[in-house]
Amino acid sequence: MGRTVQIVFDAADTVRIGDFWADALGYVVEPPPPGFDSWPDALRAWKVPEEDWDTKNAIVDPDGIGPRIFLQKVPEAKSVKNRLHLDIRVSDPAASPEERDAAVLAEVGRLEAAGGRRLEWRLEMGKHFMVMQDPEGNEFCVT
(Lines give C-alpha, C1' and ligand atoms only; values in the text may rest on other atoms or scores of the structure.)
Protein backbone atom coordinates (compact mmCIF):
# COMPACT_ATOMS: atom_id res chain seq x y z
CA MET A 1 0.00 0.00 0.00
CA GLY A 2 1.23 3.49 -0.79
CA ARG A 3 1.72 6.17 1.80
CA THR A 4 -0.72 8.96 2.44
CA VAL A 5 -0.17 12.30 4.13
CA GLN A 6 -2.34 13.91 6.74
CA ILE A 7 -1.68 17.49 7.86
CA VAL A 8 -2.30 18.12 11.55
CA PHE A 9 -3.09 21.50 13.10
CA ASP A 10 -3.01 22.14 16.84
CA ALA A 11 -5.86 24.53 17.61
CA ALA A 12 -7.72 26.19 20.45
CA ASP A 13 -10.98 26.00 18.46
CA THR A 14 -11.01 22.99 16.13
CA VAL A 15 -14.37 23.88 14.61
CA ARG A 16 -13.50 27.51 13.80
CA ILE A 17 -10.11 26.64 12.35
CA GLY A 18 -11.54 23.64 10.50
CA ASP A 19 -14.24 25.84 8.97
CA PHE A 20 -11.65 28.45 7.94
CA TRP A 21 -9.40 25.90 6.23
CA ALA A 22 -12.33 24.09 4.63
CA ASP A 23 -13.38 27.41 3.09
CA ALA A 24 -9.82 28.35 2.12
CA LEU A 25 -9.10 25.01 0.44
CA GLY A 26 -12.54 24.07 -0.91
CA TYR A 27 -12.67 21.16 1.56
CA VAL A 28 -15.59 19.79 3.57
CA VAL A 29 -15.96 18.44 7.08
CA GLU A 30 -15.16 14.75 6.96
CA PRO A 31 -18.42 12.77 6.80
CA PRO A 32 -19.27 10.53 9.75
CA PRO A 33 -18.32 6.85 9.51
CA PRO A 34 -20.64 4.42 7.73
CA GLY A 35 -23.65 3.53 9.85
CA PHE A 36 -24.00 7.02 11.36
CA ASP A 37 -26.10 9.91 10.05
CA SER A 38 -24.06 12.55 11.89
CA TRP A 39 -20.98 13.02 14.03
CA PRO A 40 -23.09 13.58 17.17
CA ASP A 41 -24.75 10.18 16.52
CA ALA A 42 -21.32 8.52 16.22
CA LEU A 43 -19.89 10.27 19.27
CA ARG A 44 -22.92 9.34 21.38
CA ALA A 45 -22.65 5.70 20.25
CA TRP A 46 -18.96 5.68 21.15
CA LYS A 47 -19.86 7.19 24.56
CA VAL A 48 -17.64 10.24 24.04
CA PRO A 49 -18.63 12.86 26.65
CA GLU A 50 -20.31 15.84 24.99
CA GLU A 51 -17.73 18.24 26.47
CA ASP A 52 -15.06 16.41 24.41
CA TRP A 53 -16.87 16.61 21.06
CA ASP A 54 -14.84 19.66 19.99
CA THR A 55 -11.41 18.16 20.76
CA LYS A 56 -10.95 16.78 17.25
CA ASN A 57 -12.11 17.71 13.78
CA ALA A 58 -11.14 16.70 10.26
CA ILE A 59 -11.67 18.22 6.84
CA VAL A 60 -11.18 16.48 3.52
CA ASP A 61 -10.94 17.26 -0.16
CA PRO A 62 -14.35 16.35 -1.61
CA ASP A 63 -12.58 15.10 -4.75
CA GLY A 64 -10.32 12.84 -2.68
CA ILE A 65 -7.13 14.34 -4.13
CA GLY A 66 -5.72 16.58 -1.40
CA PRO A 67 -4.53 15.40 2.00
CA ARG A 68 -6.85 15.09 4.98
CA ILE A 69 -6.43 17.88 7.51
CA PHE A 70 -6.85 16.85 11.13
CA LEU A 71 -7.36 19.43 13.87
CA GLN A 72 -6.67 18.62 17.50
CA LYS A 73 -7.48 20.82 20.46
CA VAL A 74 -4.51 21.88 22.58
CA PRO A 75 -4.47 24.06 25.70
CA GLU A 76 -1.52 26.26 24.78
CA ALA A 77 -1.69 29.20 22.38
CA LYS A 78 0.50 29.44 19.30
CA SER A 79 3.64 31.29 20.33
CA VAL A 80 6.22 31.15 17.52
CA LYS A 81 6.39 31.27 13.73
CA ASN A 82 5.37 28.09 11.92
CA ARG A 83 8.20 25.86 10.71
CA LEU A 84 5.81 24.46 8.10
CA HIS A 85 3.05 26.30 6.29
CA LEU A 86 0.56 25.83 3.48
CA ASP A 87 0.63 27.71 0.18
CA ILE A 88 -2.67 28.28 -1.57
CA ARG A 89 -2.06 28.72 -5.28
CA VAL A 90 -4.85 30.66 -6.99
CA SER A 91 -2.97 32.36 -9.82
CA ASP A 92 -2.07 30.93 -13.19
CA PRO A 93 1.74 30.86 -13.52
CA ALA A 94 1.35 31.51 -17.25
CA ALA A 95 -0.79 34.64 -16.75
CA SER A 96 0.56 38.18 -16.85
CA PRO A 97 1.95 39.63 -13.61
CA GLU A 98 -1.09 41.90 -13.35
CA GLU A 99 -3.51 38.97 -13.76
CA ARG A 100 -1.61 36.89 -11.18
CA ASP A 101 -1.61 39.78 -8.70
CA ALA A 102 -5.34 40.37 -9.23
CA ALA A 103 -6.12 36.69 -8.60
CA VAL A 104 -4.01 36.64 -5.43
CA LEU A 105 -5.52 39.86 -4.08
CA ALA A 106 -9.06 38.68 -4.80
CA GLU A 107 -8.41 35.48 -2.81
CA VAL A 108 -6.75 37.46 -0.02
CA GLY A 109 -9.89 39.60 0.28
CA ARG A 110 -12.07 36.49 0.41
CA LEU A 111 -9.90 34.90 3.09
CA GLU A 112 -9.87 38.11 5.14
CA ALA A 113 -13.67 38.04 5.13
CA ALA A 114 -13.45 34.46 6.44
CA GLY A 115 -11.20 35.50 9.35
CA GLY A 116 -7.71 35.51 7.84
CA ARG A 117 -5.28 38.39 8.26
CA ARG A 118 -2.74 39.91 5.87
CA LEU A 119 0.85 40.03 7.05
CA GLU A 120 3.06 40.95 4.11
CA TRP A 121 2.95 41.38 0.34
CA ARG A 122 6.19 39.88 -0.98
CA LEU A 123 7.97 39.68 -4.32
CA GLU A 124 10.29 36.75 -4.96
CA MET A 125 11.69 35.57 -8.27
CA GLY A 126 9.48 38.06 -10.11
CA LYS A 127 6.20 36.89 -8.56
CA HIS A 128 4.11 38.43 -5.80
CA PHE A 129 2.50 36.48 -2.99
CA MET A 130 0.73 37.39 0.24
CA VAL A 131 1.77 36.05 3.62
CA MET A 132 -1.31 35.66 5.82
CA GLN A 133 -2.45 34.17 9.12
CA ASP A 134 -5.50 32.06 9.86
CA PRO A 135 -7.75 33.08 12.79
CA GLU A 136 -5.37 31.46 15.31
CA GLY A 137 -2.19 32.95 13.84
CA ASN A 138 -0.93 30.06 11.67
CA GLU A 139 0.99 31.51 8.74
CA PHE A 140 0.23 30.59 5.14
CA CYS A 141 0.81 32.10 1.72
CA VAL A 142 -1.49 32.92 -1.17
CA THR A 143 0.27 32.74 -4.52
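For clarity, every value in this text was computed on a predicted model and none was experimentally measured.

Rules behind the numbers
- Residues numbered from 1 in each chain as written.
- Predicted model: local features only at pLDDT ≥ 70, side-chain atom pairs only at ≥ 80, totals over all residues.
- Heavy atoms only, no water.
- Pairing = 2+ DSSP bridges.
- Helix = DSSP H or I, 4+ residues; strand = E, 2+ residues; numbered from the N terminus.
- Axes fitted to C-alpha atoms, helices over the stretch in contact; angles between N-to-C directions.
- Contact = heavy atoms within 4.5 Å.
- Parallel < 35°, antiparallel > 145°, perpendicular 65-115°, else oblique.
- Left-handed = near helix turned anticlockwise from the far one by under 90°.
- Nonpolar A, V, L, I, M, F, W, Y, C, P; charged D, E, K, R; others polar.
- Core = buried A, V, L, I, M, F, W, Y, C linked by side-chain atoms within 4.5 Å.
- Buried < 20%, exposed > 50% of the residue type's maximum accessible area, 1.4 Å probe, protein only.
- pLDDT = per-residue confidence, 0-100.
- Polar contact = N/O pair within 3.5 Å; in protein donor to acceptor, adjacent residues only side chain to side chain.
- Salt bridge = Lys/Arg side-chain N within 4 Å of Asp/Glu carboxyl O.

Caption draft 1: Summary view of the sheet that holds strand β6 (residues 117–124). One open sheet holds the 4 strands; their spatial order is β5-β8-β7-β6, and the pairing between them is mixed. Only two strands of the sheet have a single partner each, and these edge strands are β5 (86–88) and β6. On average, adjacent strands in this sheet sit at an angle of 25 degrees to one another, irrespective of strand direction. Here strand β7 (residues 127–133) pairs with strand β8 (residues 139–142) via 4 bridges, running antiparallel. Among the inter-strand pairings, V131 is bridged to a residue of β8, identified as C141.

Caption draft 2: Layout of the sheet that holds strand β3 (residues 56–60). A sheet is described by the order of its strands in space; here 4 strands give the open sequence β1-β4-β3-β2, paired in mixed fashion. Looking at which strands have only one partner, the edges of the open sheet turn out to be β1 (6–11) and β2 (28–29). Of the pairings in the sheet, the one linking β1 to strand β4 (residues 68–73) comprises 6 bridges and is parallel in character. Bridging from a neighbouring strand, D10 pairs with Q72 of β4. In the packing of helix α1 (residues 14–25) onto the sheet, contacts are made with β1, β2, β3 and β4, and the angle to β3 comes to roughly 5 degrees.

Caption draft 3: Inspection of the packing of α1 against helix α3 (residues 97–113) at higher detail. Put simply, α1 and α3 touch, their axes get as near as 10 Å, and they point 160 degrees apart. Comparing the axis directions of α1 and α3 gives the class roughly antiparallel. Note on packing geometry: the crossing formed by α1 with α3 is right-handed. On the side of α1, the interface is formed by F20, D23 and A24, while α3 contributes E107, R110 and L111. Residues that form the contact of α1 with α3 fall into these classes: 3 nonpolar, no polar and 3 charged.

Caption draft 4: Highlighting the nonpolar core. Of all hydrophobic cores here, the largest spans 21 residues; its most connected members are F9, W21, I69, L111, M132, F140 and V142. When residues of this core are traced back to their parent elements, those giving at least two are β1, α1, β4, β5, α3, β7 and β8. With 5 residues, α1 is the single largest residue contributor to this core. What M132 contacts, discounting residues up to four positions off in sequence, is V108, L111, E112, G116, R117, R118, L119, N138, E139, F140 and V142.

Caption draft 5: View of the confidence of the model for the chain. Taken over all residues, the pLDDT of the chain has a mean of 94, while the share at 70 or more is 99%. At the level of individual helices and strands, the chain shows its lowest average pLDDT in β1, which scores 94, and its highest in β2, which scores 98.

Caption draft 6: Spotlight on the side chain of N82. Secondary-structure assignment places N82 in the loop between β4 and β5. Polar side-chain contacts of N82 include one of 3.5 Å to the side chain of K78.

Caption draft 7: Inspection of the pairing of β6 at higher detail. Pairing of β6 with β7 involves 7 bridges; the strand directions are antiparallel. Its bridge partner being in β7, R117 is matched across the sheet by Q133. Remark: 2 residues form the turn of the hairpin made by β6 and β7, two consecutive strands paired antiparallel; M125 in that turn has positive phi of roughly 50 degrees.

Caption draft 8: Up close: the pattern of salt bridges. The full count for this structure, using the stated rule, is 8 salt bridges. A salt bridge links R68 to E30, with the shortest nitrogen-to-oxygen separation between them at 2.8 Å. Taken together, the residues R68 in strand β4 and E30 in the loop between β2 and α2 (39–45) connect sequence positions 38 residues apart. Between R118 and E112 there is a salt bridge, and its shortest N-O distance comes to 2.9 Å. On the basis of relative accessible area, R118 is assigned to the partly exposed category, the value being 39%.

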